[in-house]
Amino acid sequence: MAHIPTSRGGTPWKASVLTLFPEMFPGPLGVSLVGQALKAGLWALDLHQIRDFGIGRHRAVDDTPAGGGAGMVMRADVLAAAIDHAREADDLPLLYMSPRGAPLTQARARALSEGPGVMILAGRFEGVDERLIAARGVTEVSIGDYVLSGGELAAMVLIDACVRLIPGVLGAEESLAQESFEDELLEYPQYTKPRTWEGLSTPEVLMSGDHQKIAAWRRAEAERLTRERRPDLWAAREKQR
Ligand code: SAM
C-alpha cells in the first residue's frame, strides 16, 4: 500500500460535517488539488444528515425562537443526538460555523491542519439553541463579518484552508512558506511571461537572476502592501516584535 503522509501517522486528516444539505459536498472540495488529495486518501470527508435525528414523522430539526421573533432555531436535542452519533466514530475538535465566532485565520487553519481533523456543525435558519454550545463544548468559528444562508459554504472554506496545508496536498511546499499571512505579511506581487504586456514591464530586479536582491525586493513589497492594505495586520505584527 502507498505511504500516505499525514499529520497523525497513517490516519488521514478528517473533516466530519453535520449538515441538512450533505448533497452540497464535496462540491468545490472535489476538484483540483484538494479534490485529488481526497481521492488519493490524503484526507477524508464524512457527512452526517442532521435530519436523521429529527423529531417525529416529519423529522423536525428546528422550532420557533423562545421569546418570539422571526425565523426558526435548530433544536439542541436534535443536534446533540447527531453530534453524539458522529462522535462514536471520531473524536475530533467540534466547531460550529457562526458569524459570532472567532475569525478563521491562517494560524487557526494551520493549527487545525496539524491535528487529527475537525467535526463541523453547519447551521441553518437563525442558528442553534445556545444550550448546545456549552453542553457539547463547541467552538464557534466565523469566516467573516457577513451573514451566509447556511454554514455549509463556511465549512468548505475552513476545510479547504486546512487541507491545502496537509503535507503532500500541494506540489511545491515552498509556495506555502511565502504565501499571504505566513509571517503575518501579505504576499508580494507576482509576475509571469510575457516580460512586457500592454506596455507594462515586469520589474527589472526579477529578471536580474540575483536571488538575494529578488528576496529583498519581495520582502520590501510584502511589507509595503501589508502596511498600505492591512494596517491592522501590520500593527499586530509590530506589537509582537
Ligand atoms: N441569525 C444568525 C446571526 O445573526 O448571527 C445568522 C444565521 S445564518 C442565516 C445561518 C447559518 O449560516 C449560521 O447558523 C451559520 O452556521 C452560518 N453562517 C452564516 N454566516 C456565517 C459566517 N460569517 N461565518 C460562519 N458561518 C456563517
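Residues numbered from 1 in each chain as written. Predicted model: local features only at pLDDT ≥ 70, side-chain atom pairs only at ≥ 80, totals over all residues. Heavy atoms only, no water.

Q: Just give me the short version of the pattern of salt bridges, but keep the residues and values in it.
A: The full count for this structure, using the stated rule, is 17 salt bridges. Taking the shortest distance from any N to any O, the salt bridge between Arg 219 and Glu 223 comes out at 3.3 Å. In this pair, Arg 219 and Glu 223 both sit in helix α7 (residues 211–229), 4 residues apart, roughly one turn of the helix. The class of Arg 219 is partly exposed, set by a relative accessible area of 34%. Classification of Glu 223 as partly exposed rests on a relative accessible area of 23%. Connected through shared salt-bridge partners, Lys 14, Asp 46 and Asp 90 make up one network. (Salt bridge = Lys/Arg side-chain N within 4 Å of Asp/Glu carboxyl O. Helix = DSSP H or I, 4+ residues; strand = E, 2+ residues; numbered from the N terminus. Buried < 20%, exposed > 50% of the residue type's maximum accessible area, 1.4 Å probe, protein only.)

Q: So what about the packing of aromatic side chains? Which residues, and what values?
A: Evaluation of the coordinates by the stated rule reveals 0 aromatic pairs. For the cation-ring pair, Arg 227 lies above Trp 234, with the distance from its terminal atom to the ring centre recorded as 5.2 Å. (Phe/Tyr/Trp six-rings, centres within 6.5 Å; stacked < 30°, edge-to-face > 60°. Lys NZ or Arg CZ within 6 Å of the ring centre and 35° of its normal.)

Q: Go over the domain arrangement of the chain with me, naming the residues and quoting the values.
A: Partitioning the chain into structural domains gives domain 1 (2–163) and domain 2 (178–240). The centre of domain 1, based on its C-alpha atoms, is set 35 Å off from the matching centre of domain 2. (Domains from an automatic or database assignment.)

Q: Please give an account of a nonpolar patch on the surface that cites residues and values.
A: A cluster of nonpolar residues, Tyr 146, Leu 148 and Leu 153, forms a patch on the protein surface that exposes about 280 Å² of accessible area. Note on placement: Tyr 146 falls in the loop between β7 (139–142) and α5 (151–163). The partly exposed category is assigned to Tyr 146, whose relative accessible area is 44%. (Patch = residues over 30% accessible without salt bridge, like charges linked within 9 Å, V, L, I, M, F, W, Y side chains within 5 Å. Areas by Shrake-Rupley, 256 points an atom, 1.4 Å probe, with all protein chains shown as cover.)

Q: Describe the site of the ligand, naming the residues involved and giving the relevant values.
A: Taken together, 19 residues lie around the ligand, and Tyr 96, Met 97, Gly 144, Tyr 146 and Leu 148 are the ones closest in. In the environment of the ligand, a nitrogen atom lies 3.2 Å from a nitrogen or oxygen atom belonging to the backbone of Ser 98. Within the side chain of Glu 126, a nitrogen or oxygen atom sits 3.1 Å from a nitrogen atom of the ligand. Look at the ligand: alone it shows 580 Å² of surface, and the protein chains cover 84% of it. Among the secondary structure elements, those contributing two or more residues to the shell around the ligand are β5 (94–103), β7 and α5. Per-element tally for the shell around the ligand: the top contributor is β5, with 4 residues. In terms of residue class, the shell around the ligand is built from 10 nonpolar, 8 polar and 1 charged. (Near = heavy atom within 4 Å. Polar contact = N/O pair within 3.5 Å; in protein donor to acceptor, adjacent residues only side chain to side chain. Nonpolar A, V, L, I, M, F, W, Y, C, P; charged D, E, K, R; others polar.)

Q: Describe the environment of Ser 180, listing the residues and the values that go with them.
A: Secondary-structure assignment places Ser 180 in the loop between α6 (173–177) and β8 (196–197). Residue classification places Ser 180 among the partly exposed positions, given a relative accessible area of 27%. For the pair Ser 180 and Thr 226, spaced 46 residues apart in the sequence, the C-alpha separation amounts to 9.5 Å. Ser 180 has contacts with Leu 185, Leu 186 and Glu 187, leaving out every residue within four places of it along the chain. One polar contact links the side chain of Ser 180 to the main-chain amide nitrogen of Glu 187, over a distance of 2.9 Å. (Contact = heavy atoms within 4.5 Å.)

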